[in-house]
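Each chain is listed here by its residues.
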Amino acid sequence: MTKQKKFILWFNQVGIKDTLRVGGKNASLGEMYRKLVPKGINIPNGFCVTAEAYRYFLKKAGVLPELKKIMAGLDTTKMKNLLDVGARARETVLKAKLPKELEEAILKAYRKLCQEYKTENVDVAVRSSATAEDLPKASFAGQFESYLNIRGEKALLDACKKCFVSFFTNRAISYRVDQGFEHFNIYLCLGIQKMVRSDKASSGVIFTCDTETGFPDVALINAGYGLGENIVKGRINPDQYIVFEPTLKKGFRPIISKALGTKKKKLIYAKGTKTTQNITVSKKDQRRFVLDDEEILALARWTCAIEDLYQRPQDIEWAKDGLDGKLYIVQSRPETVHAPKILRFLEEYILQKRGKILCTGNAIGTKIGQGRANIIANVKDIGRFKKGEVLVTEMTDPDWEPVMKMAQAIVTNSGGRTSHAAIISRELGIPCIVGTGNATKVIKQGQNITISCAEGEQGFVYSGLLLFKIKRTNIGKIKRPKTKMMMNIGDPSLAFSYSFIPSDGVGLTREEFIISNYIKIHPQALLYPKKVKDKRIKRQIDQITLGYKNKSQFFIDKLAEGIARLASAFYPKDVIVRFSDFKTNEYANLIGGKYFEPNEENPMLGWRGAARYYDPNYKEAFGLECKAIKKVREEMGLDNVIVMIPFCRTVEEGQKVLEVMKEYNLKRKKNGLQVYVMCEIPSNVILAEEFAQIFDGFSIGSNDLTQLTVGIDRDSELVSHVFSERNQAVKNLIRQVIKTAHRYKKKVGICGQAPSDYMDFAEFLVEAGIDSMSLSPDTVLKTTLDIIKAEKRLRKR
């Protein structure tokens, strides 16, 4: 019998070219099984029930004419019609009997699989796989049914029949219409695969790009306990790990982010008539990461191999077997949201004014949406949802899709970034906030609300219809000036989205943002926990550092992850990281800070910047920063990170700081490490020749330099009219430091908004020979165009 006429084909008999014979999911599994198993990637074996088998079933059972008659009356714009047509079609297929010769072919293959795994009635997963499935622009993910932990011949045949019936679920019918597929030109195949005993371990999903921005160079891994259905259907908030692929391929260990999920439920095998059941995860397991670093890196390496095989972004499912302790890949499909895009325009949603916050959760996408809230608790009530409303519910699954496409935005109580609601909202291009925990309680039925996913990783649901604007910029035609145009970025969660703005890297990353927002705890409270007396503060610290016995390692890891996310977003372009420059009053505001900080009359000119780093009272805390930088550069391979010393009053101070860095194995020039100094004190200019001997570059901090040159408190409204970076004394100092630095072949940049605010100041900087300007991301494109014009004018002089 030819391949085209066979009812059964094994994974090692099919490949990606066989989509029309075995469906997209099966074709992909076969391709991976044949090409990646020999390379050491574990994939459970199985077989396909082919498109020919499905065609034979419909023809032999004599139901095809009846199905065509039913589907001819379909109108998906009317919910009642869709529900009625779907129910009649499913009933027709359910009554049809599987041909005996097809049953025998399926059971013969199943018995062979039992022999291979030396198990009577081996446990299998039965998954649907359509011939138009897993295409780069149409995934069909979740449209059809799948069944887990199927054992025995009768149970297998029942599951196969149910999968065939699921071809006519309401959601599948609606999706085919939306995608322009004719119902009877697509065939449903089945994949029958040995189960991985993840019910005794863990499972999850991997995307080979950042799901919110489309940033391509990462493996985004989600993990939960038990079988994978809880993650796919959004029932739990999983752990999330991000690995940077370019340096992983060079042999480094670039886990650039680890976020602990709640993971409250675990899907396991059930006894009796039910095949699976959910149980509660213990508090101890909820508070620890599902995967260790070696497992995270192993999955990331496999991810690279799969993406290299298909040459496009992938959506991958993995599982860990609790019996043999091994990791497995169970399927891979094209990632359909970002794969088709060619980025020509940069679209930015900007909220004009914030309002009353009703709830928060994980932001999906970067858009803003608004409308009347429609709270629906059960999928059977979706008929009362109207186009243009905001869907608010516990969570969604594929049965909700007919109304999801009508929504202005979606808000759910449950789910993470790889939940059903998240995946479909991305595909539809609408804003969505998942994992709020309480949206259905705090939002009122019919209330006007605004959903903002434009403020970083956290999404906000606001009361009322707030004003926002959409900024679109054509980035395909922008030329590059001679002067390097860089960005000031504090929030690592925005780095991937900002990476698409044409730039030359990051000219200033302030560690203070990462410490305040991600760590929140004073470093010495982690180094010397016994000095913290307040029991409430102790509990707060324990809650934030869950999973860490060594509390100071929490500081190192979280600071390293924040820096690494920024560095990876712009790799291999320079990312200049300024060591912490809190004033004493700001340090004191960190959790536990009051036990370690003195009270100063004038913190602006007090114990800050370089003066802290070599001081015995803070030196060990500075050592944590050094360890974080070392981890980013040497363990993760992100050698594009340049470090910078702030508020360095004297050359002697600079030397002392370099010595302390050396004590913590962070040595200038070792592995190409460059150390810059902020030029923000007149002494930095006056002694620029001496500073140039010990540092690799200067970054002009125009705010402090102006303040200290003109002798003004920049925070005082009384004398604010005197404050100006364009003051001639300030400009003279800038010109002088550029000239001196260039004499010693040292680079000079400026980090501040003056070049974007004042065109004459920008032109002055270009004329003075500035090497780079670093600005807030929203002004980079405009200022780049201005600098191109300024350089052109100067060339004509």
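Residues numbered from 1 in each chain as written. Predicted model: local features only at pLDDT ≥ 70, side-chain atom pairs only at ≥ 80, totals over all residues. Heavy atoms only, no water.

> For the overall build of the protein, give the residues involved together with the corresponding values.
Of regular secondary structure, the protein possesses 31 helices and 30 strands. Against the 2.2 N^0.38 benchmark of 28 Å for 797 residues, the protein shows a C-alpha radius of gyration of 30 Å, consistent with a compact globule. Seen through its C-alpha atoms, the protein measures out along the principal axes to roughly 95 × 50 × 50 Å. Within the protein, the fraction of its 797 residues that count as buried is 58%. Sequence-distant contacts in the protein: of pairs separated by 6 or more residues, those separated by 24 or more amount to 69%. With an accessible surface of roughly 33500 Å², the protein has 49% of that area assigned to carbon and sulfur atoms. Of the charged side chains in the protein, 128 are positive and 91 negative; the average position of the first set lies 4 Å away from that of the second. (Helix = DSSP H or I, 4+ residues; strand = E, 2+ residues; numbered from the N terminus. Rg over C-alpha atoms; globule rule 2.2 N^0.38 Å. Buried < 20%, exposed > 50% of the residue type's maximum accessible area, 1.4 Å probe, protein only. Contact = heavy atoms within 4.5 Å. Areas by Shrake-Rupley, 256 points an atom, 1.4 Å probe, with all protein chains shown as cover. Lys, Arg positive; Asp, Glu negative; His and termini not counted. Charge placed at Lys NZ, Arg CZ, Asp CG, Glu CD.)

> Which residues make up the packing of helix 17 (residues 511-519) against helix 20 (residues 551-570), and what values do they have?
Taken N-terminus to C-terminus, the directions of helix 17 and helix 20 make an angle of 125 degrees; their axes are 10 Å apart at the nearest point. Here helix 17 is positioned oblique relative to helix 20, judged by the angle of their axes. Considering the relative orientation of helix 17 and helix 20, their crossing is right-handed. For the pair helix 17 and helix 20, the contacting residues are Glu-511, Ile-514, Ile-515, Tyr-518 and Ile-519 in the first and Phe-554, Phe-555, Lys-558, Leu-559, Gly-562 and Ile-563 in the second. Across the contact of helix 17 with helix 20, the residue classes tally to 8 nonpolar, 1 polar and 2 charged. (Axes fitted to C-alpha atoms, helices over the stretch in contact; angles between N-to-C directions. Parallel < 35°, antiparallel > 145°, perpendicular 65-115°, else oblique. Left-handed = near helix turned anticlockwise from the far one by under 90°. Nonpolar A, V, L, I, M, F, W, Y, C, P; charged D, E, K, R; others polar.)

> Residues and numbers for the packing of aromatic side chains, please.
All chains considered together, the criterion is met by 25 aromatic pairs. Centroid distance Phe-761 to Phe-764: 5.8 Å. Interplanar angle 35 degrees. Geometry classified as tilted. Separated by 3 residues within a single helix, Phe-761 and Phe-764 lie in helix 30 (residues 759-768), roughly one turn from each other. As far as the burial class goes, Phe-761 and Phe-764 line up, both buried. Three or more aromatic residues link up through ring pairs in this structure, and these residues are Tyr-54, Phe-57, Phe-144, Phe-164, Phe-167, Phe-168, Phe-184 and Tyr-187. Lying across the ring of Tyr-117, Lys-194 places its NZ or CZ 5.7 Å from the centre. Geometry around Phe-647 places Arg-608 over its ring, the cationic atom sitting 3.8 Å from the centre. (Phe/Tyr/Trp six-rings, centres within 6.5 Å; stacked < 30°, edge-to-face > 60°. Lys NZ or Arg CZ within 6 Å of the ring centre and 35° of its normal.)

> How would you sum up the pattern of salt bridges? Please name residues and give values.
All told, the structure shown has 45 salt bridges when counted by the stated rule. The partner of Glu-101 in a salt bridge is Lys-60, with the nearest N and O atoms 3.8 Å apart. Of this pair, Glu-101 sits in helix 6 (residues 100-116) while Lys-60 sits in helix 3 (residues 51-61), placing them 41 residues apart in sequence. Accessibility expressed as a relative area gives 31% for Glu-101, which makes it partly exposed. Overall, the relative accessible area of 53% leaves Lys-60 in the exposed class. The residue Lys-630 makes a salt bridge to Glu-634 at a minimum N-O spacing of 2.6 Å. With Lys-630 and Glu-634 both in helix 23 (residues 619-635), this residue pair falls 4 residues apart, about one helical turn. Overall, the relative accessible area of 30% leaves Glu-634 in the partly exposed class. Counted as one network, the salt bridges with shared partners bring together Glu-31, Arg-34 and Lys-35. (Salt bridge = Lys/Arg side-chain N within 4 Å of Asp/Glu carboxyl O.)

> Can you explain the sheet that holds strand 4 (residues 146-150)? Please cite residues and give values.
Spatial strand order, 1-2-5-3-4: 5 strands in an open sheet with antiparallel pairing. Looking at the sheet topology across the chains shown, the edges are occupied by strand 1 (8-10) and strand 4. Across the sheet, the axes of successive neighbouring strands diverge by a mean angle of 20 degrees, strand direction being ignored. (Pairing = 2+ DSSP bridges.)

> Could you give an account of unusual backbone geometry, with specific residues and numbers?
Among all residues save glycine, negative phi is the norm, and among peptide bonds the norm is trans. With omega at 5 degrees, the peptide bond leading from Tyr-571 into Pro-572 counts as cis. Structurally, Pro-572 can be placed in the loop between helix 20 and strand 25 (575-578). Located in the positive-phi region is Asn-121, a residue other than glycine, with phi close to 50 degrees. As for its placement among the helices and strands, Asn-121 is situated in the loop between helix 6 and strand 3 (124-130). The class for Asn-121 is partly exposed, based on a relative accessible area of 34%. Despite not being glycine, Lys-520 has its phi angle at roughly 70 degrees, a positive value. Classification of Lys-520 by relative accessible area gives partly exposed; the value is 39%.

> Can you break down the side chain of Ser-425 residue by residue, with the values?
Tracing the backbone shows Ser-425 in helix 14 (residues 420-428). Side-chain polar atoms of Ser-425 contact the backbone oxygen of Ala-421, separated by 2.9 Å. Those residues in contact with Ser-425 that sit more than four places away from it in its chain are Ile-364, Ile-410, Ile-430 and Cys-432. (Polar contact = N/O pair within 3.5 Å; in protein donor to acceptor, adjacent residues only side chain to side chain.)

> For the sheet that holds strand 25, give the residues involved together with the corresponding values.
Read around the barrel, 8 strands follow the order 23-24-25-26-27-28-29-30 and close on themselves; strand pairing throughout is parallel. On average, each strand axis in the sheet is tilted by 30 degrees relative to the strand beside it, whichever way the strands run. Looking at chain direction, strand 23 (residues 484-488) and strand 30 (residues 772-775) are connected through 4 bridges and run parallel. Looking at the pairing, Met-486 lines up with Ser-774 of strand 30.

> Outline helix 3, listing residues and values.
Taken together, the buried positions of helix 3 are occupied by Ala-51, Glu-52, Ala-53, Tyr-54, Phe-57 and Leu-58. In the segment just after helix 3, Gly-62 is the residue with positive phi, at about 75 degrees.

> So what about empty space enclosed by the protein? Which residues, and what values?
Going through the model one piece at a time under the given rule, you end up with 3 cavities of 30 Å³ or more. Put simply, the second largest cavity is a space of about 60 Å³. Lining the second largest cavity are Leu-346, Glu-348, Lys-471, Thr-473, Ile-501, Pro-777, Asp-778 and Leu-781. Only strand 14 (345-351), strand 22 (468-474) and helix 31 (777-796) provide two or more residues apiece to the lining of the second largest cavity. Per-element tally for the lining of the second largest cavity: the top contributor is helix 31, with 3 residues. Among the residues making up the lining of the second largest cavity, the classes are represented as 4 nonpolar, 1 polar and 3 charged. (1 Å grid on protein atoms, 1.4 Å probe; cavity = no way out; pocket = protein on both sides within 12 Å on 5 of 7 lines; lining within 4 Å. Points joined across faces, edges and corners; volume = space filled by probe spheres on them.)

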